[in-house]
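# Structural features, examined
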There are 2 protein chains.
Amino acid sequence: MRPYGFSELLRDFDARKPRGLARAISVAEAGQGRELIGKLFSRTGRAITIGLTGPPGVGKSTLSSALVRKVRSLGKTVGVISVDPSSPFSHGALLGDRIRLTEHFTDEGVFIRSMASRGHLGGVAGATADAVSLMDAFGLDVVLIETVGVGQSEIEIAELAHTTLVALQPGSGDSIQVLKAGIMEIADIFVVNKADHPMSHQLRREIRGMMEMLDFSGWVPTLVTTQALAGEGIDELWSAIEQHVAYLNETGEIKTKRREAFTHQVRQLALGRLQQRLERELHHRLPEGADPYAAADQVLLDFGNPIPGELEIEEAIRPRATVKGLT
Amino acid sequence: MRPYGFSELLRDFDARKPRGLARAISVAEAGQGRELIGKLFSRTGRAITIGLTGPPGVGKSTLSSALVRKVRSLGKTVGVISVDPSSPFSHGALLGDRIRLTEHFTDEGVFIRSMASRGHLGGVAGATADAVSLMDAFGLDVVLIETVGVGQSEIEIAELAHTTLVALQPGSGDSIQVLKAGIMEIADIFVVNKADHPMSHQLRREIRGMMEMLDFSGWVPTLVTTQALAGEGIDELWSAIEQHVAYLNETGEIKTKRREAFTHQVRQLALGRLQQRLERELHHRLPEGADPYAAADQVLLDFGNPIPGELEIEEAIRPRATVKGLT
């Protein structure tokens, strides 16, 4: 059997064969995305990228599945990236969730991929960004990134996606927490799923109440009610997404969004490489010092960094001034 | 009112006034721990540090509370650090959990502190390590670090703690996942809580079955059954902790554990500072490049790093070789 190499991969990718995309994402996931992305990045910028996050149990996979059905009914192609949160305790539940997407497994216009977010800083998280770029470059019209709102993943997704959906369910007491945690800032559209729940009305009222307390300079988050399992509210949700996309394009904010996503990717890649170097340092030589701070100074010196901005750091860490403030 | 400054803080700390410890941890949490830790680190190394992790709902706070009661009954003092996982969706539940510790709020021998793990890499996570050091230096006999098993926090806690308890509950299907995710490697003691559950026996059998499949070169994880709410099994749990501590001391493994915790702290501090510098770079100048990888190269160059080990990195990222392997 002839080996499947880089040129075969590119040929399949160019021919829009799913195998080409699948392999390309695997390469990125293995931390080897550099050459591929270098070749293909100029083809990106066409897809609508949607992030979907929310607490466990809110019905994200059902929502995803319903959105995929809607997008397909419009004749558009769609890629779904399910990001596993980095918990060793939740794999089972998520795999269960994923099964709900199986109805789309045989549809050539739907490409589904799940990725772990556990592990290396910038590593697999960076691979998610690469996967978005690859799906976009491949020519998929819509890229939907879905993650459970646990860990940092929901913030990352908001940085990658142009339109962020925050799904909430009635009766879970989520809403109050949402405001507290500042997730308000990442939501372009709130989705109240399980609309048949008796507390659904209250949750909607709470979200509206919170929005009234805030000043929005640009886009005001939309509130959509769905019952994803029955397919209800999905047309409205899609229409809200289209309105947000139109808003981004009309105001030119789409450029800011693209710039943010690009910066986010650069940050993840740079951090990943810095961390690699740090691990090598720590592996080659046990850190020494009277205390962890002194040892960290030593490691950073050994890093070959004269630490620009040292003065600034020194100022920031001088506790005397701050402690005085803590009366 | 006279300002409460660094010298007042140290005086209170030396006099073992809880206010001194509380302020010291606040200083660390504000990212200003350097001078404090520099002064106090030589006093550390006396406390027994215990990590407690497990999935949401397993009864960690009830277990913590029962352990605190046990430790107090032995005349020892104890510090509890509750690490909030970094999810905007779970604050409510955790605050609820915390309430279960209130019975100890008026006990001078118990010091309870909750810390957020959300946010800055190395920032608040580093502060958790500082808090452990400060409680140890303060003279508390036992330091218990409790976190929900979500995100990376449970791995971090295993790196900081000398004895790690992994709590599981019957009937949740956790056990199989535990092995998958390699959490087996962090558990020194498995705690099957809610022992009155009909599936409790099966969970114990599954854990034992998994342990039989593995080779342990040193400590073989203990399996303890509790019903924390009724206070059952807590004596056995404490005795298992004491056995593990004795094992660490007798074999000298305690030195390895201390070294690992130290390295972990150094890593977090160094990463935090590298990240600070990176953010400054990204803030001062928009990353430029044909694609995110090229832009990251540029940022790392601007970082003032000639990137030692560049060849190694270049080798690692050359996709051709690896893609061939993916036939």
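Anything mentioned here points back to the structure above.
Thresholds applied
The residue numbering used here restarts from 1 in each chain and proceeds along that chain's sequence as written. Chains carry letters and ligands carry numbers; both start at the beginning, A for chains and 1 for ligands, and go up in the order they are written. Only residues with pLDDT of at least 70 are given local features in this predicted model, and only at 80 or more are side-chain atom pairs given and counted; all residues enter the totals for whole chains, interfaces and linings. Hydrogens and water are ignored here; the side-chain numbers use all heavy atoms of the structure. Secondary structure follows DSSP: runs of H or I at least 4 residues long count as helices, runs of E at least 2 residues long count as strands, and numbering of each begins at the N terminus. Each residue's exposure class comes from its accessible area (1.4 Å probe, protein chains only) as a fraction of the maximum for that residue type: buried when under 20%, exposed when over 50%, partly exposed otherwise. Whether two residues are in contact is decided by their heavy atoms: any pair within 4.5 Å suffices. Residue exposure ignores everything except the shown protein chains as possible cover, and the areas themselves are Shrake-Rupley values with a 1.4 Å probe. Stacked, edge-to-face and tilted are the three classes for Phe, Tyr and Trp ring pairs, Trp counted by its six-membered ring, which pair at centre distances within 6.5 Å; planes under 30 degrees apart are stacked, over 60 edge-to-face, the rest tilted. Working rule: Lys NZ or Arg CZ, within 6 Å of ring centre, within 35 degrees of ring normal, means a charge sits over the ring. One requirement defines pairing of two strands: DSSP has to find at least two bridges between them. All axes are obtained by fitting lines to C-alpha atoms, using only the stretch in contact for helices, and the reported angles, taken between N-to-C directions, cover 0 to 180 degrees. Under this scheme an angle from 65 to 115 degrees is roughly perpendicular, one under 35 degrees roughly parallel, and one over 145 degrees roughly antiparallel; angles in between are oblique. All amino acids are sorted into three groups, where Ala, Val, Leu, Ile, Met, Phe, Trp, Tyr, Cys and Pro are nonpolar, Asp, Glu, Lys and Arg are charged, and the leftover types, Gly among them, are polar. For any pair of crossing helices, the crossing counts as left-handed if the nearer helix is rotated counterclockwise from the farther one by less than a right angle, and right-handed if it is rotated clockwise.

This paragraph deals with the overall build of chain A. A tally of helices and strands in chain A yields 14 helices and seven strands. By residue count, 56% of the 327 residues in chain A fall in the buried class. Taking all contacts inside chain A whose residues are at least 6 apart in sequence as the whole, residues at least 24 apart take part in 75%. Roughly 13,800 Å² of accessible area belongs to chain A as shown, and the carbon and sulfur atoms make up 52% of that amount.

What follows is about the environment of G79(A). The residue G79(A) is located in strand β2 (residues 78-84) in this model. With 25 residues separating them in the primary sequence, G79(A) and G54(A) have C-alpha atoms 19 Å apart.

Residues and elements named next belong to chain A. In this structure, K194 is a non-glycine residue whose phi angle is positive, near 55 degrees. Looking at the element boundaries, K194 is found in the loop between β6 (189-192) and α9 (200-212). A relative accessible area of 32% places K194 in the partly exposed class.

A word on the packing of aromatic side chains. Residue and element names in this part refer to chain A. Scanning the entire structure with this criterion turns up six aromatic pairs over all chains. Ring geometry for F13 versus F138: centroids 5.2 Å apart, planes at 75 degrees, classification edge-to-face. Placement of the pair is F13 in helix α1 (residues 6-14) and F138 in helix α6 (residues 124-138), with a sequence separation of 125 residues. Given the relative accessible area of 8%, F138 is considered buried. Ring centres 5.3 Å apart and planes at 50 degrees place the aromatic pair W219 and Y247 in the tilted group. Linking W219 in the loop between α9 and β7 (222-225) with Y247 in helix α10 (residues 234-251), this pair joins segments that are 28 residues apart in sequence. Like W219, the residue Y247 is buried in the burial classification. Cation over ring: R23 sits above Y4, and NZ or CZ is 4.5 Å from the ring centre.

Turning our attention to the environment of Q276(B). Residue and element names in this part refer to chain B. Tracing the chain through its elements places Q276 in helix α11 (residues 253-284). Exposure remark for Q276: the relative accessible area of 41% places this residue in the partly exposed category. Along the chain, Q276 and T251 lie 25 residues apart, while their C-alpha atoms are 40 Å from each other.

Residues and elements named next belong to chain A. With respect to burial, strand β1 (residues 48-54) is a largely interior element, six of its seven residues being buried. Two strands pair when backbone bridges link them, and β1 and strand β5 (residues 163-168) are joined in this way by four bridges, in the parallel orientation. Across the sheet, the residue bridging to T53 is V166, located in β5.

As a further point, take the packing of helix α10 (residues 234-251) of chain B against α11(B). All names here are of chain B. Two elements in contact, α10 and α11, have axes whose closest approach is 5 Å; the angle formed by their N-to-C orientations is 100 degrees. Relative to α11, the element α10 is oriented roughly perpendicular. From α10, Y247, L248, N249 and T251 reach across to α11, where they touch E253, I254 and K257. Taken together, the residues of the contact of α10 with α11 sort by class into three nonpolar, two polar and two charged.

What follows concerns the packing of helix α11 (residues 253-284) of chain A against α11(B). A pair of packed helices is captured by two measures, namely the crossing angle of their axes and the spacing between those axes. Orientation of α11(A) relative to α11(B), taken along the N-to-C sense of each, is 145 degrees, at an axis distance of 10 Å. Regarding α11(A) and α11(B), the two cross each other, and that crossing is right-handed. In this structure, α11(A) contributes T263(A), V266(A), R267(A), A270(A), L271(A), L274(A), Q275(A), L278(A), E279(A) and L282(A) to the contact, and α11(B) contributes T263(B), V266(B), R267(B), A270(B), L271(B), L274(B), Q275(B), L278(B), E279(B) and L282(B).

Before going further, it helps to spend a moment on the side chain of K70(B). Of note, K70(B) is situated in helix α4 (residues 60-73). Looking at K70(B), the relative accessible area reads 18%, which means it is buried.

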